[in-house]
Amino acid sequence: MKIVHIADTHLGLAGFNRIDPDSGMNLRERLVYDNFLESMKIVVRQKPDAVVHAGDLFDRVKPRTHAYIAVMSALNMLEEAEIPLILISGNHSMPKTRYTPSPFEVLKYHRAEVHCAYKYSYEKSEVGDTTFHLIPNMLNASQYRDAFNEIEISPDTCNVMVTHGLATTLRDYRLRTVAEHEIDSTMLSEDFNYIALGHFHGQKQVSENAWYSGSIEYCSYNEINDTKGGLVVDTESGEVVPLKLPNTPMANLGKIDCGTITPSEITEKIASIIDRMEDPAGTICQVRLENILREKMRNINREEMTAIKDLVLNLRITTDTIDPVNRGFEAEDPSSVDYVDEFRKFVRIQGLEGGLEEKVIKTGTGIFKTVLEKHREAE
Ligand SMILES: [Mn+2]
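An unreviewed UniProt entry annotates the chain as Metallophosphoesterase originating from Methanolacinia petrolearia.

As structure tokens, this is what we get:
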């Protein structure tokens, strides 16, 4: 069977304080929907026997109305092309209480063929010549193992496992997000023809038969070096081919050595880099200012810098200064600060003993994320 594997679409993701003049919607949010639907057109054109979505369809438990509309439009396309959709819930779609219905409840009201696991338990679906073993996001790590133990390999069909979490082989990337669970290497069993993973946003093969498709979009600056897109998989031969999908580009504008140049030369340099870009207004950008003193940072003309920032979808400025209070530009634009990452760095330099560091980071980042999520919802 030919499948297209995608994941981590995070529909409803917004940010950057730019408004789409046509719809009045947050521009970033609009672009996420547009790119998702364009991607679905490309997926359908592949004529797969099934589309597999390995979790984090929505960016949050209570999706925005437009996020539902995007999903309904995608289901229209799949229904028309008679392509079944197989999906699981990820950690971003996990209701925290019993009273919050899952956003996936809505999907059953569409006529498209949808096989969706989101009830914290193992489910399997037979589609064509393939059995899909679905392990959605669980409430705790041990339940992953319990669900995995329930799997019975069907000898007469291809077997594909779909799950969402961080493979232990990628441990270095841990703590990037909320309610993260680890998938140990014994779960990446060779008994499956293919294992479709979600959660890690870069496209990556983690064992002979297991892949992260990666997200479609660059969801945070941490992902600036990631490969994005989908995967076309032949479950019989095991062949996996990357599928390029449209997204909002993220560009690294590089480093500027600010040691011997003036503040206005700094802004000129940034402006000239942006000037050479193809579509700056549609690009998320990052630039690094090196060897810059606090004093010089403060002397950068605010209006010039604002004008530069207006040229791009978003500009994140990082510096290499060791002065811990140097927060010049980031302080002006709180939305550009990665608070979770800052907190993590802060804890790491405290030199806490053994497991305490991980514990403090885990608890602290959890609280930060809840607060940021609430703040975003309030916005
Ligand atoms: Mn995700």
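Now that the structure has been shown, we can carry on.
Asker: I'm lost on the coordination of the manganese ion in this one. Help?
Answerer: Octahedral six-donor coordination of a metal ideally yields angles of 90 or 180 degrees, compared with 109.5 degrees for tetrahedral four-donor coordination. The protein atoms that coordinate the manganese ion are Asp8 (OD), His10 (NE2), Asp56 (OD) and His201 (NE2), at distances spanning 2.0 to 2.4 Å. Written as a sequence motif, the donor arrangement for the manganese ion is D-x1-H-x45-D-x144-H. Comparing aspartate 8 with histidine 10 shows no difference in burial state: the two are buried.

Asker: How should I be thinking about unusual backbone geometry in this particular structure?
Answerer: Leave glycine aside and you will find that most residues have negative phi; peptide bonds, for their part, are mostly trans. Not every positive phi belongs to a glycine, and lysine 47 is a case in point at roughly 50°. Within the secondary structure layout, lysine 47 lies in the loop between helix 1 (27–45) and strand 2 (50–53). Given a relative accessible area of 67%, lysine 47 falls into the exposed group. Phi angles above zero are rare outside glycine, and histidine 199 is one such case at about 120°.

Asker: What is the right way to read empty space enclosed by the protein from this model?
Answerer: In this approach the atoms are scanned with a rolling probe the size of a water molecule, which exposes any empty space left behind. All told, the structure shown has two cavities of 30 Å³ or more when counted by the stated rule. A volume near 70 Å³ is recorded for the largest cavity. If you trace the largest cavity, you find it lined by Phe36, Met40, His53, Leu57, Val71, Ala74, Leu75, Leu78 and Leu85. Where the lining of the largest cavity is concerned, the elements lending two or more residues are helix 1 and helix 2 (65–80). Looking at the lining of the largest cavity residue by residue, the class counts come to eight nonpolar, one polar and no charged. Taken as a whole, the second largest cavity encloses approximately 30 Å³ of empty space. Partitioned by chemical class, the residues of the lining of the second largest cavity number three nonpolar, two polar and one charged.

Asker: Just checking my understanding: could you explain the sheet that holds strand 14 (residues 240–243) for this structure?
Answerer: Each strand in a sheet pairs with another by means of backbone hydrogen bonds, the pair being arranged parallel or else antiparallel. Here we have six strands laid out as an open sheet, ordered 4-3-2-1-13-14, and mixed in their pairing. Among the strands making up the open sheet, the edge pair consists of strand 4 (114–117) and strand 14. When strand polarity is set aside, the average angle formed by the axes of neighbouring strands in this sheet is 20°. Examined bridge by bridge, strand 3 (residues 85–88) and strand 4 share four bridges and lie parallel to one another. The residue bridging isoleucine 86 from the neighbouring strand is histidine 115, located in strand 4.

Asker: I keep staring at helix 2 and nothing clicks. Help me out?
Answerer: Residues that lie three or four places apart on an α-helix share one face, since the helix turns once every 3.6 residues. Between its terminal C-alpha atoms helix 2 stretches 23 Å, which fits the 22 Å expected from 16 residues at 1.5 Å a residue. Of all the positions in helix 2, only Ala67, Ala70, Val71, Ala74, Leu75 and Leu78 are classed as buried. For helix 2, the arc enclosing every buried residue in end-on projection is 135°, short of the 170-degree limit, so these residues lie on one face. Helix 2 presents Thr65 and Glu80 as exposed residues on the side facing more than 90 degrees away from its buried surface.

Scoring rules and cut-offs
- Residues numbered from 1 in each chain as written.
- Predicted model: local features only at pLDDT ≥ 70, side-chain atom pairs only at ≥ 80, totals over all residues.
- Heavy atoms only, no water.
- Donors = N, O, S within 2.8 Å, 3.2 Å for Na, K, Ca; no water.
- Buried < 20%, exposed > 50% of the residue type's maximum accessible area, 1.4 Å probe, protein only.
- Helix = DSSP H or I, 4+ residues; strand = E, 2+ residues; numbered from the N terminus.
- 1 Å grid on protein atoms, 1.4 Å probe; cavity = no way out; pocket = protein on both sides within 12 Å on 5 of 7 lines; lining within 4 Å.
- Points joined across faces, edges and corners; volume = space filled by probe spheres on them.
- Nonpolar A, V, L, I, M, F, W, Y, C, P; charged D, E, K, R; others polar.
- Pairing = 2+ DSSP bridges.
- Axes fitted to C-alpha atoms, helices over the stretch in contact; angles between N-to-C directions.
- Expected span 1.5 Å × (residues − 1).
- Arc of directions from axis to C-beta.

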